[in-house]
Amino acid sequence: MNEAELRHWKSHVVVELLVEFTDNAMTPDDTTKALARMETLHAVTYEGFQEAKKVLAGRKAAVG
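Every value quoted in this text rests on a predicted model; they were computed, and no experiment measured them.

Structural notes on the overall build of the protein chain
Consideration 1: Within the protein chain, the secondary structure is distributed over three helices and zero strands.
Consideration 2: Overall, the protein chain shows an N-to-C arrangement of helices and strands of α-α-α.
Consideration 3: For the protein chain, the spread of C-alpha atoms along the principal axes amounts to about 40 × 30 × 15 Å.
Consideration 4: Evaluated residue by residue, the protein chain yields a buried proportion of 12% over its 64 residues.
Consideration 5: With the model as given, the accessible surface of the protein chain reaches about 5,300 Å², and the carbon-plus-sulfur share is 60%.

Below, the structure written as structure tokens:
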């Protein structure tokens, strides 16, 4: 994955997050959860994403 793909993925995740709350009025807890998820998503960097993929691949290899 390159940085452009990471930006595209982030945009997609934000849209999914917003769609999740379109059916009902958001409660204060929903707002807190949504903001926390957006802050986490915003913090994802290309290097961090690559490292997380490596860790997950290692875990899958150890299990399977």
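Having put the structure on the table, let's press on.
Quick notes on the environment of Val-55
Consideration 1: As for its placement among the helices and strands, Val-55 is situated in helix H3 (residues 46-63).
Consideration 2: Spatially, the C-alpha atom of Val-55 lies 36 Å from that of Asp-23, the residues being 32 residues apart in sequence.

Quick notes on the packing of aromatic side chains
Consideration 1: For the coordinates displayed, the defined rule picks out one aromatic pair.
Consideration 2: Centroid distance Trp-9 to Phe-49: 5.2 Å. Interplanar angle 45°. Geometry classified as tilted. Here the residue Trp-9 occupies a position in helix H1 (residues 3-20), and Phe-49 occupies one in helix H3, the gap between them amounting to 40 residues.
Consideration 3: A residue is classified by how much of its surface remains accessible, and Trp-9, at 30% relative accessible area, is partly exposed.
Consideration 4: Here Phe-49 falls in the buried class, since its relative accessible area comes to 17%.

Quick look at the packing of H1 against helix H2 (residues 28-43)
Consideration 1: H2 packs onto H1 with a crossing angle of 175° between their chain directions and a minimal axis gap of 11 Å. It follows from the interaxial angle that H1 and H2 lie roughly antiparallel. Between H1 and H2, the contacting residues are Trp-9, Lys-10, Val-13, Val-14, Leu-17 and Glu-20 on the first element and Ala-34, Arg-37, Met-38, Leu-41 and His-42 on the second.
Consideration 2: Here the contact of H1 with H2 is composed, by residue class, of seven nonpolar, one polar and three charged.

Describing the environment of Val-14
Consideration 1: With respect to the helices and strands, the residue Val-14 is situated in helix H1.
Consideration 2: Along the backbone, Val-14 and Glu-47 are 33 residues apart, and their C-alpha atoms lie at a distance of 20 Å.
Consideration 3: Setting aside residues no more than four positions away along its own chain, Val-14 makes contact with Met-38 and Leu-41.

Conventions adopted
Residues numbered from 1 in each chain as written. Predicted model: local features only at pLDDT ≥ 70, side-chain atom pairs only at ≥ 80, totals over all residues. Heavy atoms only, no water. Helix = DSSP H or I, 4+ residues; strand = E, 2+ residues; numbered from the N terminus. Buried < 20%, exposed > 50% of the residue type's maximum accessible area, 1.4 Å probe, protein only. Areas by Shrake-Rupley, 256 points an atom, 1.4 Å probe, with all protein chains shown as cover. Phe/Tyr/Trp six-rings, centres within 6.5 Å; stacked < 30°, edge-to-face > 60°. Axes fitted to C-alpha atoms, helices over the stretch in contact; angles between N-to-C directions. Parallel < 35°, antiparallel > 145°, perpendicular 65-115°, else oblique. Contact = heavy atoms within 4.5 Å. Nonpolar A, V, L, I, M, F, W, Y, C, P; charged D, E, K, R; others polar.

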